[in-house]
Amino acid sequence: MKRRYTMASTVLALFLVAVCSSVYAQQVTIRDEIELTRSVINTQRKAIVAANMDLTDTESAAFWPIYNEYKADKTKIGDRHVDLITSYADSYVTDSLSDDKAKDLIKEYFSIQKDLVDLKEKYLKRFEKVLPAKKVMRFYQIDNKLDAVVNAALARDIPLAELRDIIDKEFY
């Protein structure tokens, strides 16, 4: 029971940090806001994983080097996600989102999602070599919950694509 409370409280704290950094970053660019939030989350992410994995010393010695590689590879994919968001934001702010641009953004989004799944599958084999299956499952649950917090904050802050030009064509 105590472990669940720890996970819930750390996820809540992480979400509040994301919200607070979002408010602070209103005076900076979208990319700066995303990078600031990302930096705060990544700083706390490892501590949250550590607090919720219950690793033995032997498991810990084998797990953390793999985890660090995983996070580095995941960050590269995350960089693409930041590029995608800022590209959309630029189009949104300048009211210049064309159908072709929207198609490109959708394709890149799905490519990013596919690459994340591929990365998780790639590292699954490595994690399974050093941890029991239940601990590997727990790690991916923690990782997914932390990603969900970030994605919820992004969903809250990123507006839907405008349909003004489509509505104008239909009514005029």
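This one's a predicted model, so the numbers in the text were calculated from it and none came from an experiment.

(A) Up close: helix H4 (residues 99-130). The end-to-end C-alpha separation of H4 is 47 Å, in line with the 46 Å expected for 32 residues at 1.5 Å each. Along H4, the helix axis deviates most sharply at Leu124, where the bend reaches about 25°. Here H4 has its buried residues at Leu105, Ile112, Leu116, Leu119, Lys120, Tyr123 and Phe127.

(B) Just unusual backbone geometry, in detail. Phi is positive for Asp54, which is not a glycine, with a value near 50°. Here Asp54 lies in the loop between helix H2 (30-53) and helix H3 (57-93).

(C) Fine view of the packing of aromatic side chains. Scanning all chains against the criterion turns up 15 aromatic pairs. Arranged with centres 5.8 Å apart and planes meeting at 85°, the rings of Tyr67 and Phe139 form a pair that is edge-to-face. Of the two residues, Tyr67 is situated in helix H3 and Phe139 in helix H5 (residues 133-157); the sequence distance between them amounts to 72 residues. We note that Tyr67, like Phe139, is buried. Ring geometry for Tyr70 versus Tyr123: centroids 5.4 Å apart, planes at 70°, classification edge-to-face. One end of the pair, Tyr70, is in helix H3; the other, Tyr123, is in helix H4, and 53 residues separate them in sequence.

(D) Fine view of the nonpolar core. Formed by 23 residues in total, the largest nonpolar core has its most connected members in Val49, Phe63, Tyr70, Tyr123, Phe127, Phe139 and Tyr140. Among the secondary structure elements, those contributing two or more residues to this core are H2, H3, H4 and H5. Residue contributions to this core peak at eight residues, all from H3. When neighbours within four sequence positions are excluded, Val49 is seen to be in contact with Phe63, Trp64, Tyr67, Phe139, Ile142 and Leu146.

(E) Quick peek at a nonpolar patch on the surface. Among the surface-exposed residues, Ile106, Tyr109 and Phe110 lie close enough to one another that they form a single nonpolar patch of about 320 Å² accessible area. Counting through the fold element by element, Tyr109 comes out in helix H4. Under the relative-accessibility criterion, Tyr109 is labelled partly exposed at 36%.

Here is what the cut-offs are and how they apply
Residues numbered from 1 in each chain as written. Predicted model: local features only at pLDDT ≥ 70, side-chain atom pairs only at ≥ 80, totals over all residues. Heavy atoms only, no water. Helix = DSSP H or I, 4+ residues; strand = E, 2+ residues; numbered from the N terminus. Expected span 1.5 Å × (residues − 1). Bend = angle between axes of the 7 residues up to and from the residue. Buried < 20%, exposed > 50% of the residue type's maximum accessible area, 1.4 Å probe, protein only. Phe/Tyr/Trp six-rings, centres within 6.5 Å; stacked < 30°, edge-to-face > 60°. Core = buried A, V, L, I, M, F, W, Y, C linked by side-chain atoms within 4.5 Å. Contact = heavy atoms within 4.5 Å. Patch = residues over 30% accessible without salt bridge, like charges linked within 9 Å, V, L, I, M, F, W, Y side chains within 5 Å. Areas by Shrake-Rupley, 256 points an atom, 1.4 Å probe, with all protein chains shown as cover. Salt bridge = Lys/Arg side-chain N within 4 Å of Asp/Glu carboxyl O.

Geometry only, nothing functional implied.
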